Amino acid sequence: MRKILVITGPTAIGKSKIAILVSKDLNGEIISCDSMQIYKKLNIGSAKISLDEMGGVTHHLIDFLSPFDSFSAADFKELCTSKIDEILENGKVPILTGGTMMYMDSVIKNYDFTNTYRDDDYRDYLENLANEKGREYVHSLLREIDETSYSKVPYNNLKRVIRALEVYKLSGKPFSEHKSLNETEILYDYTYIILYMDRNRLYERIEKRVDKMLESGLVDEVISLKKIGLSVLNQSMQGIGYKEVLDYLDEKIDYEAMVSLIKKRSRNYAKRQLTWFRKVENSYWLNIEEYDDLSHLKQKIIDLYNGLG
C-alpha cells in the first residue's frame, strides 16, 4: 500500500516548521491541509507560509484559489489524492500537514462524499410532485431502484427520500450502497503524527500569534480584500481573524472586542482540533516540550515513519 506521512496538531503548534525539516531528510513534498491557505490574497490572517520559510521544499495546495470561489472537503480530496499520486510516482514522500481536520480525514479515511451529488431542478420537481400526489407517492418511487432505502426511510421524511432519489439519478447507484464515512476502504499506509503541548502554553502561543498578525497588518489586509468586493458572504472571509476584522470595519465591534474575539475563537478552535484528534486511531502523540530542539523531534517523526518507533 502507498505510504504517506501526516503531521498535524492544533493551531500555532508549529506544524509547518517541523514538516519542512522532516521533508528535507525524507526527500518529501508537502501538501497543505489548510482551508484558508488555499486562497490567494489571504496571507496574514491565514498565517500562510512564505517562499523563504518553505526552505526550498515543494509545497502543494497553497495560494492557488480565488478568494471569491468556494471550496469543499470533497474538492480537496480530489486534488490531494492526485498530488499524492504525482509525488509517489516521482519517488518522493507525500507529507500532509495542516489543521483542517475534515481535509485530512477526507483523504486518510477516503470519505465517500455522497453530499456532493446535487440537482436542484430535480429536487424541486420531487417536492412539487409530493405536493401534488402526496409524500407516499414520491416514497413509492424508491421501491424499484433502492429497496433498502425504501424500507428504512419513512415516507414522511421527504428530505431523505428526495436525497435517495437524487443520488440514484446522478450516480446511477442506490443511495444505500454508497459507503458510509466509517465503511470506506483505506487508500494509504499512513503514519499519523499529532503534535501537542501544555494547553495553557499553547494558548499563550496563540495569543502572541494573533498579536503578531495584527502588528503585521491584518486589518489593512482585510481592508484591501473588502475593497475588491469580498464580504462575510464569501467562504474565504469566514475564517477566524477575517470575519472579526470585517465586523470591526463595519463598526459592529470596537478594536479591543475584535482582538479579544480573535483570540478567544482561536483558542476554541485549538480545543476543537484536539478533541477531533483524540478520535484518530493509530496515531502518535508527540509533546513538543519533551524534545530539546526540533532536530530531535524531527528524528523521532522520521523513526516513526520508518517503523522504528
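Below is a short write-up of the structure. (Residues numbered from 1 in each chain as written. Predicted model: local features only at pLDDT ≥ 70, side-chain atom pairs only at ≥ 80, totals over all residues. Heavy atoms only, no water.)

### As for the packing of aromatic side chains
Note the following rule: Only Phe, Tyr and Trp rings take part, Trp by its six-membered ring, and two of them pair if their centres are within 6.5 Å. Stacked means planes under 30 degrees apart, edge-to-face means over 60, and tilted covers everything else. With a 1.4 Å probe rolled over the protein chains alone, any residue whose accessible area is under 20% of its type maximum counts as buried; one over 50% counts as exposed, and the rest are partly exposed. Whether a charge sits over a ring comes down to the Lys NZ or Arg CZ being within 6 Å of the ring centre and within 35 degrees of the ring normal.
Within the structure shown, the criterion is met by seven aromatic pairs. Taking the centre distance of 5.6 Å and the plane angle of 80° together, the rings of Tyr248 and Tyr255 count as edge-to-face. Overall, Tyr248 belongs to the partly exposed group, its relative accessible area being 27%. The class for Tyr255 is partly exposed, based on a relative accessible area of 35%. Members of the aromatic cluster, each reached through a chain of ring pairs, are Phe64, Phe71, Phe76 and Tyr103. Over the face of the ring belonging to Tyr305 we find Lys3, whose NZ or CZ atom lies 4.3 Å from the ring centre. A cation sits over an aromatic face here: Lys133 above Tyr137, 4.7 Å from the ring centre.

### What to know about the pattern of salt bridges
Counted only if it meets this: The working definition used for a salt bridge is a side-chain nitrogen of Lys or Arg within 4 Å of a carboxyl oxygen of Asp or Glu. Strands here mean DSSP runs of E at least two residues long; helices mean DSSP runs of H or I at least four residues long; both are numbered from the N terminus.
According to the stated counting rule, one finds 14 salt bridges in the structure shown. In this structure, Asp25 engages Lys298 in a salt bridge whose closest nitrogen and oxygen atoms are separated by 3.0 Å. Of this pair, Asp25 sits in helix 1 (residues 15-26) while Lys298 sits in helix 13 (residues 294-305); the two residues are 273 residues apart in sequence, bridging distant segments of the chain. The exposure class of Asp25 is partly exposed, given its relative accessible area of 45%. In this structure Lys298 comes out as buried when scored by relative accessible area, which is 16%. Two residues, Lys92 and Glu29, come together in a salt bridge whose shortest N-O distance is 3.4 Å. Here the residue Lys92 occupies a position in the loop between helix 2 (73-89) and strand 4 (93-97), and Glu29 occupies one in strand 2 (residues 28-32), the gap between them amounting to 63 residues.

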